[in-house]
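Chain and residue survey
In case you want the letters, here they are:
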Amino acid sequence: MAKIKKAVVLSAGQGKRLLPLTQSRPKCLVDLNGRSVLAWQLQALQAAGVGEAVVVTGFGAEAVDAEIAALALPGLSVRTLFNPFYTVSDNLATCWLARGELTGGALILNGDTLFEPAVAERLLSAPDAPITVTIDRKPVYDADDMKVLTEGERLVSIGKTIERYDAESIGFLRFSADGAAAFTAGVEAALRGPDGLKRWYLSVIDALAHDGDLVRVRSIEGLDWAEMDFPEDLVRNREITARWLAKAAA
């Protein structure tokens, strides 16, 4: 499989669960030790050798544009794609809007996932597969975790409410050209359903996982990552990013 050089970052939402932090800015711009969540993401992608990033915006789009314009990211070309429907749809529709960016293969990253560069490097170096989902494992999972059931390196099912699981998705996927085509077809089919606008894109991944060996997993156990969902996440995320800053300065 050709090396993937493009990432699509899904950052259209406001992040209402983070209110009041996101009253006037999207959660991708929440500050973590002097850098926004988005800046941490883009710098990690840059460090992993990704050459192009497309940030899908919605709430606070102008502020995101300004943030990107102010970042110095040699070797990484960044542009935005505005989703005018962000208030009435979930991220399945966002993926439909960005479907053209997936042609030929790409990464998809949730706009609230923090990760060290080694996470992206491990995903990019995973064995060839149409679709690869990064996973982590821990002793206990909560209701908000995107749970995953695996069978060896194959993804069996994914969803927050599945009854059997042994891992969680961190919100970072890799698509080959064929995988992107299958995913795009699945997204378009799902959007024709009565609940299409309210579905998550990982529901399509779950459906594709039932079709043989199309979806594989890549463990990033032992590496640093975190999500930015709730106000209480700020303490842990600032601790993690402070550690990354100290490591870079050493």
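Residues numbered from 1 in each chain as written. Predicted model: local features only at pLDDT ≥ 70, side-chain atom pairs only at ≥ 80, totals over all residues. Heavy atoms only, no water.

Section: the overall build of the protein chain
Rules: Only DSSP runs of H or I with at least four residues qualify as helices, and only runs of E with at least two residues qualify as strands; both kinds are numbered from the N terminus onward. Relative accessible area decides the class of each residue, using a 1.4 Å probe on protein chains only: under 20% of the type maximum gives buried, over 50% gives exposed, and in between gives partly exposed. In this description, contact between two residues means that some pair of their heavy atoms is separated by no more than 4.5 Å. For the accessible areas, the method is Shrake-Rupley and the probe is 1.4 Å, while residue cover comes only from the protein chains on display. His is not counted, nor are the chain ends; Lys and Arg add positive charge and Asp and Glu add negative charge. Charge placement uses NZ in Lys and CZ in Arg. For Asp and Glu, CG and CD serve respectively.
Along the backbone of the protein chain there are 7 helices and 13 strands. Residues classed as buried in the protein chain amount to 51% of the 250 residues present. Long-range pairs, those at least 24 residues apart, make up 75% of the contacts in the protein chain with a sequence separation of at least 6. Carbon and sulfur atoms make up 53% of the accessible area of the protein chain, which amounts to about 11000 Å² in all. Averaging the positions of the 27 positive and the 33 negative side-chain charges in the protein chain gives two centres separated by 2 Å.

Examining helix 4 (residues 117–124)
What counts, and what does not: What the arc describes is the spread of directions from the helix axis to the C-beta atoms.
Regarding helix 4, the residues found buried are V119, A120, L123 and L124. Relative to the axis of helix 4, the buried residues are bounded by an arc of 130 degrees and lie together on one face.

Some details on helix 1 (residues 37–47)
Burial within helix 1 is extensive, with 8 of its 11 residues counted as buried. Among the residues trailing helix 1, G49 stands out with phi positive, at a value near 95 degrees.

Structural notes on the environment of S157
With respect to the helices, strands and loops of the structure, S157 is situated in strand 10 (residues 154–159). Residues S157 and A63, 94 residues apart in the sequence, show an inter-C-alpha distance of 37 Å. Setting aside anything within four residues of it in sequence, one finds S157 in contact with K147, V148, L149, I162, R164, D206 and H210.

Notes on the pairing of strand 5 (residues 77–82)
For clarity, the threshold we go by: Any two strands are treated as partners once DSSP identifies two or more bridges connecting them. Handedness rule for crossovers: strands pointing away from the viewer, path from the first strand over the helix to the second running clockwise, crossover right-handed.
The pairing of strand 4 (residues 52–57) with strand 5 spans 6 bridges and is parallel. Opposite A53, over in strand 5, you have V78 as the bridge partner. In this view, the connection linking strand 4 to its parallel neighbour strand 5 by way of helix 2 (residues 61–70) has right-handed handedness.

A word on the packing of aromatic side chains
Put simply, the rule reads: Only rings of Phe, Tyr and Trp enter the pairing, Trp through its six-membered ring, and a pair is recorded when the two centres are within 6.5 Å. The plane angle decides the type: under 30 degrees is stacked, over 60 is edge-to-face, the rest tilted.
Counting across every chain of the model gives 5 aromatic pairs. For the pair F115 and F172, a centre-to-centre distance of 4.9 Å together with 45 degrees between the ring planes defines the contact as tilted. Placement of the pair is F115 in strand 7 (residues 113–115) and F172 in strand 11 (residues 167–175), with a sequence separation of 57 residues. Judged by relative accessible area, which is 0%, F172 ranks as buried. Judged by centre distance (4.8 Å) and plane angle (40 degrees), the ring pair of F175 and F183 falls under tilted. Comparing F175 with F183 shows no difference in burial state: the two are buried.

Focus: the nonpolar core
Operational definition: Side-chain atoms within 4.5 Å link the members of a nonpolar core, which is a set of buried Ala, Val, Leu, Ile, Met, Phe, Trp, Tyr and Cys residues.
The biggest cluster of nonpolar side chains holds 32 residues, and the ones touching the most others in it are I108, V133, F183, Y201, I205 and V215. If one sorts the elements of this core by residue count, helix 6 (residues 202–209) sits on top with 5 residues. Those residues in contact with F183 that lie beyond four places of it in its chain are C95, L102, I108, F175, Y201, V204, I205 and L208. If you look at the next biggest cluster of nonpolar residues, it comprises 30 residues, including I4, V9, A48 and A120.

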